[in-house]
Amino acid sequence: MKRPAGNKSGEGPGLKIRTETRTRDASDSVIVEDLVRKFGKFTAVDGISFRVRDGEIFGFLGANGAGKTTTIRMLAGLLTPTSGRAVVEGFDIATQSDGLKEHIGYMSQKFSLYDDLTVYENLEFSGGVHGLEGPAFRAALESATAFTGLEALYGRFPREIPLGWKQRLALTAAMLHNPRLLFLDEPTGGVDPVSRREFWRLIHDLAEGGTTIFVTTHYMDEAEYCNRLSIMHDGKIVAMGSPAELKASGGWATMEDAFVELIGRRITTQ
Ligand code: ATP
């Protein structure tokens, strides 16, 4: 079931928000300028710049260790940048991370669900983190699960349910507070192809309802579902564009060819 549109707190896409604390360019959900994150002497994210438009599905690709999760954690206000600037949903990530967290959802690579709580209790806990309690929680839960379908599993524990449903649970938990932007870090890792396809249907429906999706994946069939892609290597963005543009840039037939060649070129020229 498709989630109804209108999750923008009454604001139409691209509307400029006029408050003292938020600065938001029309139609940009994420604005990143020269963002750097170092761990000691090691530079995990090396001066990246890009924008994500409102309501698009933005795929963040890269080999293991490219810097994707580090970037997402900074954009979600969970990790402080070493330098550079980013504005996410109108909030400066360095100075306004508390406000930012109310407007985004984050589904991390590792489950942040509790195995000793039931599915329902996990959702109750996630709702509570965003101040959703009592009738407000129940309304949010009804809206989210009408979309992701979890009711039959409320009394089960996460360890008892298949991975594909666990991913849905994690997605439901991340979207309970109706965020305008969802960060999904490898949401379908290890999931079977049928469940992956179903999960991507949910992602598409969310985007159609106006939610901006920022997703990482190692599956090139999933990359094809994105409106635009960024390919990261060694902390830098090496290519950006729609799947069709990236394939056309080298005359490659598939996204997998494009990805392997674009990353491979960087490795052989280093
Ligand atoms: P994957 O696809 O495997 O999830 P990724 O692109 O998300 O990889 P990151 O997890 O962002 O990559 O890691 C980028 C680099 O930064 C890696 O070399 C990683 O070991 C390093 N790194 C990440 N977090 C830390 C940390 N807290 N301390 C030191 N190094 C770190």
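Everything that follows concerns the structure shown earlier in this document.
About the cut-offs
- Residues numbered from 1 in each chain as written.
- Predicted model: local features only at pLDDT ≥ 70, side-chain atom pairs only at ≥ 80, totals over all residues.
- Helix = DSSP H or I, 4+ residues; strand = E, 2+ residues; numbered from the N terminus.
- Buried ≥ 20, exposed ≤ 12 C-beta atoms within 10 Å, placed from the backbone.
- Contact = placed C-beta atoms within 7 Å.
- Near = placed C-beta within 6 Å.
- Nonpolar A, V, L, I, M, F, W, Y, C, P; charged D, E, K, R; others polar.
- Pairing = 2+ DSSP bridges.
- Core = buried A, V, L, I, M, F, W, Y, C linked by C-beta atoms within 7 Å.
- Axes fitted to C-alpha atoms, helices over the stretch in contact; angles between N-to-C directions.
- Expected span 1.5 Å × (residues − 1).
- Arc of directions from axis to C-beta.

Draft legend 1. Representation of the environment of Val88 in the model. Looking at where Val88 falls in the secondary structure, it is placed in strand E4 (residues 83-88). Take Val88: there are 29 C-beta atoms within 10 Å of it, and that puts it in the buried class. Residues Val88 and Ala76, spaced 12 residues apart in sequence, show a C-alpha to C-alpha distance of 8.1 Å. Once residues within four sequence positions are removed from consideration, Val88 is found in contact with Val30, Leu75, Ile93, Leu100, Ile104 and Leu181.

Draft legend 2. Region of the structure containing the site of the ligand. Taken together, the neighbourhood of the ligand is formed by Phe39, Phe42, Ala44, Gly62, Asn64, Gly65, Ala66, Gly67, Lys68, Thr69, Thr70 and Gln109. Among the elements of the structure, strand E2 (42-53) and helix H1 (68-75) are those that each provide at least two residues to the shell around the ligand. It is H1 that contributes the most residues to the shell around the ligand, 3 residues altogether. For the shell around the ligand, the residue count by class is 4 nonpolar, 7 polar and 1 charged.

Draft legend 3. Highlighting the sheet that holds strand E5 (residues 91-92). Read from one edge of the open sheet, 4 strands run E2-E1-E4-E5, paired in antiparallel fashion. With one partner strand each, in any of the chains shown, E2 and E5 form the two edges of the open sheet. Bridging between strand E1 (residues 28-39) and E4 involves 5 bridges; their strand directions are antiparallel. The residue of E4 that forms the bridge with Val30 is Val88.

Draft legend 4. Up close: the nonpolar core. Within the largest apolar cluster, 67 residues are counted, with the highest numbers of intra-cluster contacts made by Leu75, Ala86, Val88, Leu182, Phe183, Ile213 and Phe214. It is helix H5 (residues 163-175) that provides the largest number of residues to this core, a total of 7 residues. Beyond its immediate sequence surroundings of up to four residues, Ile213 is in contact with Ile57, Phe58, Leu182, Leu184, Ile203, Leu206 and Ala207.

Draft legend 5. Geometry of the sheet that holds strand E9 (residues 228-233). Ordered by their spatial adjacency, 6 strands build an open sheet running E6-E7-E8-E3-E9-E10, and the pairing between neighbours is mixed. Across the chains shown, the open sheet's two edge strands, defined by having one partner strand only, are strand E6 (104-107) and strand E10 (236-241). In this sheet, neighbouring strand axes are inclined to one another by 15 degrees on average, regardless of whether the strands run parallel or antiparallel. One ladder, built from 5 bridges, connects E9 with E10; its direction is antiparallel. Residue pairing in the sheet places His233 in a bridge with Lys236 of E10. In this fold H1 packs onto strand E3 (57-62), strand E7 (181-185), strand E8 (212-216) and E9, with an angle of close to 155 degrees to the strand it touches most, E7.

Draft legend 6. Representation of helix H4 (residues 134-148). The terminal C-alpha atoms of H4, which comprises 15 residues, lie 21 Å apart, in line with the 21 Å expected from a rise of 1.5 Å per residue. Buried residues of H4: Ala140, Leu141, Ala144, Thr145, Phe147 and Thr148, and no others. Looking down the long axis of H4, one finds its buried residues gathered within 145 degrees of arc, a one-sided arrangement. For H4, the exposed residues lying more than 90 degrees away from the buried face are Pro135, Ala139 and Glu142. Close packing links the buried residues of H4 with helix H3 (119-129), H5 and helix H6 (193-208).

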